[in-house]
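Structural overview for review
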Amino acid sequence: MKIATINVNGIREAVGRGFLDWLANQDADVVCVQNLKAKSFELDDSILYPEGYEGYFLDAEQDGFSGVGLYCRKIPKAIMYGLGFPQCDHEARFLQADYDRFSIASFLMPDGSDYAEKQAFMAQYQEYLSKMARKRREYIICGTWHIAHKTLDLENWADNQTTPGFKPEERAWMDQVFGPTGFIDTFREINRDAGEYTWWPKLDQEVPRSRQEGWRIDYQIVGPNFRRHVVDAWIDYDATFSEFAPLIVEYDLTL
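In the annotation of an unreviewed UniProt entry, the protein is listed under the name Exodeoxyribonuclease III and assigned to Halomonas aestuarii. The UniProt entry for the protein carries the following comment under Sequence similarities (unreviewed entry): "Belongs to the DNA repair enzymes AP/ExoA family."

Given below as structure tokens:
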């Protein structure tokens with residue numbers, strides 16, 4: 001099973017830069033997308049229903065803001081929209097597809113431009129993650145968490161210790177997610193190298209991403225029982241339809 005996650009930072013703009021061509025060449029079972037910045041009723045059928053996929057979307061109440069989606073090759077048994085608290089659901093930050101043995105979610109954390117809002121979201125989201133960890137069901141949560149966990153997860157970490165996305169309290173929160181709460185960072189199960197990033201805040205399309213200062217703020221996380229199912233994980237640096245790069249993980253599982 002192959003799962004990809006990508007923050008498109010505007011679905012229509014990403015389509016104009018080749019997102020649908022990229023999608024058609026992935027042979028992914030599920031593609032999680034975030035930050036659509038458009039309501040689903042505004043989108044063409046070519047975006048809603050690409051060949052081979054069923055699209056599911058959650059729209060934010062505010063126009064041109066947030067929004068998450070799932071492109072699924074196999075129709076899920078159920079779709080769960082939101083998490084039940086207003087900050088998440090009104091801003092369309094969580095969408096989950098349920099299959100027989102596990103669930104796959106597309107998730108978008110607030111970016112921290114309003115840091116108090118992000119902190120409030122993290123507190124409520126932690127409660128939900130703790131409940132998920134206690135369930136018998138397994139989860140694969142994919143998306144932009146807007147937090148670089150370790151110093152190897154961003155280029156210029158020394159100068160960013162007071163920057164939202166790398167504040168000590170945010171990193172400590174991630175320590176809890178990957179520690180006592182029990183979730184696993186699938187990418188770091190495979191790759192422990194520095195210089196592996198999914199977002200470039202000052203992306204210059206004329207300069208190779210490898211020469212630019214980046215952050216790894218996109219994740220696919222799973223529970224401890226799924227650690228053994230992670231086969232491979234990589235970042236697709238050739239996909240340039242967003243200042244984010246897709247994170248792709250292969251699992252020895254089937255839907």
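Still more to cover.
**So, the UniProt feature "site: Important for catalytic activity" (unreviewed entry) in the protein**
The UniProt record marks D218 with the feature "site: Important for catalytic activity" (unreviewed entry), using the residue numbering of this structure. Along the chain, D218 falls in strand 10 (residues 218-222). Residue classification places D218 among the buried positions, given a relative accessible area of 2%. In contact with D218, not counting residues within four places along its chain, are N7, G143, T144, T198, F244 and L247. A distance of 2.4 Å separates a polar atom in the side chain of D218 from a polar atom in the side chain of T144.

**Re helix 5 (residues 115-134)**
Taking 1.5 Å of rise per residue, the 20 residues of helix 5 would be expected to cover 28 Å, and the 29 Å separating its terminal C-alpha atoms lies within 8% of that figure. Every buried residue of helix 5 is accounted for by Y115, K118, F121, M122, Y125, Q126, Y128, L129 and M132.

**Focus on the environment of K39**
The residue K39 is located in the loop between strand 2 (30-34) and helix 3 (45-48) in this model. Judged by relative accessible area, K39 falls into the buried class, the value being 13%. Considered as a pair, K39 and D114 are 75 residues apart in the sequence and their alpha carbons are 23 Å apart. Dropping the residues within four chain positions of it, K39 is found in contact with D59, A60, E61, Q62 and D63. Among the polar contacts made by the side chain of K39, one reaches the side chain of D63 at a distance of 3.5 Å.

**Details of the environment of E138**
With respect to the secondary-structure elements, E138 resides in strand 8 (residues 138-144). A C-alpha to C-alpha distance of 38 Å links E138 and Q205, two positions 67 residues apart in sequence. In contact with E138, not counting residues within four places along its chain, are R101, F102, S103, G223, N225 and F226. A polar atom in the side chain of E138 sits 3.0 Å from the side chain of N225.

**With respect to the packing of helix 5 against helix 6 (residues 168-177)**
Running from N to C, helix 5 and helix 6 cross one another at 10°; their axes reach a closest spacing of 11 Å. With respect to each other, helix 5 and helix 6 are oriented roughly parallel. Mapping the contact onto sequence places Y115, K118, Q119, M122, Y125, Q126 and L129 in helix 5 and E169, E170, W173, Q176 and V177 in helix 6. Each residue belonging to the contact of helix 5 with helix 6 can be placed in one class, and the counts come to six nonpolar, three polar and three charged.

**Details of the UniProt feature "binding site: Mg(2+)" (unreviewed entry) in the protein**
The sites that carry the UniProt feature "binding site: Mg(2+)" (unreviewed entry) are, in the present numbering, N7. Assignment of secondary structure puts N7 in strand 1 (residues 2-7). Side chain to side chain, N7 and T144 meet in a polar contact 3.2 Å long.

**As for the side chain of Q96**
Residue position: Q96 is located in strand 6 (residues 94-98). Residue classification places Q96 among the buried residues on the basis of a relative accessible area of 3%. With near-sequence residues (within four places) excluded, Q96 lies in contact with L70, A78, I79, M80, S103, I104, A105, Y128 and Y139.

**Structural notes on unusual backbone geometry**
Its identity as a non-glycine residue notwithstanding, S66 has a phi of 55°, on the positive side. Considering the arrangement of structural elements, one finds S66 in the loop between strand 3 (54-58) and strand 4 (68-72). Its identity is not glycine, yet H146 carries a phi of approximately 55°, on the positive side. Positionally, H146 belongs in the loop between strand 8 and helix 6. Residue class for H146 comes out buried when judged on its relative accessible area of 13%.

Thresholds applied
- Residues numbered from 1 in each chain as written.
- Predicted model: local features only at pLDDT ≥ 70, side-chain atom pairs only at ≥ 80, totals over all residues.
- Heavy atoms only, no water.
- UniProt positions renumbered as here; feature names shortened; annotations may be inferred.
- Helix = DSSP H or I, 4+ residues; strand = E, 2+ residues; numbered from the N terminus.
- Buried < 20%, exposed > 50% of the residue type's maximum accessible area, 1.4 Å probe, protein only.
- Contact = heavy atoms within 4.5 Å.
- Polar contact = N/O pair within 3.5 Å; in protein donor to acceptor, adjacent residues only side chain to side chain.
- Expected span 1.5 Å × (residues − 1).
- Axes fitted to C-alpha atoms, helices over the stretch in contact; angles between N-to-C directions.
- Parallel < 35°, antiparallel > 145°, perpendicular 65-115°, else oblique.
- Nonpolar A, V, L, I, M, F, W, Y, C, P; charged D, E, K, R; others polar.

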